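Descriptive structure summary
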Amino acid sequence: MPITKQAKKRVRQAEERRKHNRSRRSKMRSLIKKVYEISDKEEAEKALKEAVSYLDRMSVKGIIHENNAARKKAQLTKYVNNL
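Quick look at the structure, then. Quantities reported herein were computed from a predicted structural model and do not represent experimental measurements. (Residues numbered from 1 in each chain as written. Predicted model: local features only at pLDDT ≥ 70, side-chain atom pairs only at ≥ 80, totals over all residues. Heavy atoms only, no water.)

From N to C terminus, the chain includes three helices and zero strands. Put simply, the chain runs from its N terminus to its C terminus through helices and strands in the order α-α-α. Here the chain has a C-alpha radius of gyration of 17 Å; the compact-globule value for 83 residues is 12 Å, and the former is much larger. Over its C-alpha atoms, taken along the principal directions, the chain stretches across nearly 55 × 20 × 15 Å. Expressed as a percentage of the 83 residues in the chain, the buried residues total 22%. Residue pairs at least 24 apart in sequence account for 56% of intrachain contacts in the chain once pairs closer than 6 positions are excluded. Only carbon and sulfur atoms are counted for the fraction: they give 49% of the accessible area of the chain, which is about 6500 Å². (Helix = DSSP H or I, 4+ residues; strand = E, 2+ residues; numbered from the N terminus. Rg over C-alpha atoms; globule rule 2.2 N^0.38 Å. Buried < 20%, exposed > 50% of the residue type's maximum accessible area, 1.4 Å probe, protein only. Contact = heavy atoms within 4.5 Å. Areas by Shrake-Rupley, 256 points an atom, 1.4 Å probe, with all protein chains shown as cover.)

Here's what the structure looks like:
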């Protein structure tokens, strides 16, 4: 339980940040699933481009680790190339 005014503010800020990041992470997962659901190579490449761009943004903002983003991008690219 926070006691000081500063600690109470930090709790509020952390909660807002958690909500913000949670929605971003959810969108990221949806974009990844979208790539795997597409069986047409051309459409999959478009979805891949969008997903890779979003993964890069999330890693720059610190929502996911840089290596995590790189691994996901590699897996998606491998999937699309094998279509």
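Within a pair of aromatic rings, the relevant descriptors are the distance that separates the centres and the angle that separates the planes. By the definition in use, this model includes one aromatic pair. Ring geometry for Tyr 36 versus Tyr 79: centroids 4.9 Å apart, planes at 65°, classification edge-to-face. Separated by 43 residues along the polypeptide, Tyr 36 in helix H1 (residues 5-37) and Tyr 79 in helix H3 (residues 66-81) bring together distant segments of the chain. (Phe/Tyr/Trp six-rings, centres within 6.5 Å; stacked < 30°, edge-to-face > 60°.)

Across all of its chains, the model carries three salt bridges by this definition. A salt bridge links Lys 34 to Glu 50; its shortest N-O distance comes to 3.7 Å. Taken as a pair, Lys 34 in helix H1 and Glu 50 in helix H2 (residues 41-60) lie far apart in primary sequence, 16 residues in all. Exposure remark for Glu 50: the relative accessible area of 37% places this residue in the partly exposed category. Among the salt bridges present, the one from Asp 56 reaches Lys 73, with a minimum N-O distance of 2.6 Å. Of this pair, Asp 56 sits in helix H2 while Lys 73 sits in helix H3, placing them 17 residues apart in sequence. Residue Lys 73 is classed as partly exposed on the basis of its relative accessible area of 22%. (Salt bridge = Lys/Arg side-chain N within 4 Å of Asp/Glu carboxyl O.)

Running from amino to carboxyl end, H1 crosses H2 at an angle of 155°, the nearest separation of the two axes being 9 Å. Classified by the angle their axes make, H1 and H2 are roughly antiparallel. Crossing handedness for the pair H1 and H2: left-handed. Here Arg 24, Lys 27, Met 28, Leu 31, Ile 32, Lys 34 and Val 35 of H1 lie close against H2, whose contacting residues are Ala 44, Ala 47, Leu 48, Glu 50, Ala 51, Tyr 54, Leu 55 and Met 58. (Axes fitted to C-alpha atoms, helices over the stretch in contact; angles between N-to-C directions. Parallel < 35°, antiparallel > 145°, perpendicular 65-115°, else oblique. Left-handed = near helix turned anticlockwise from the far one by under 90°.)

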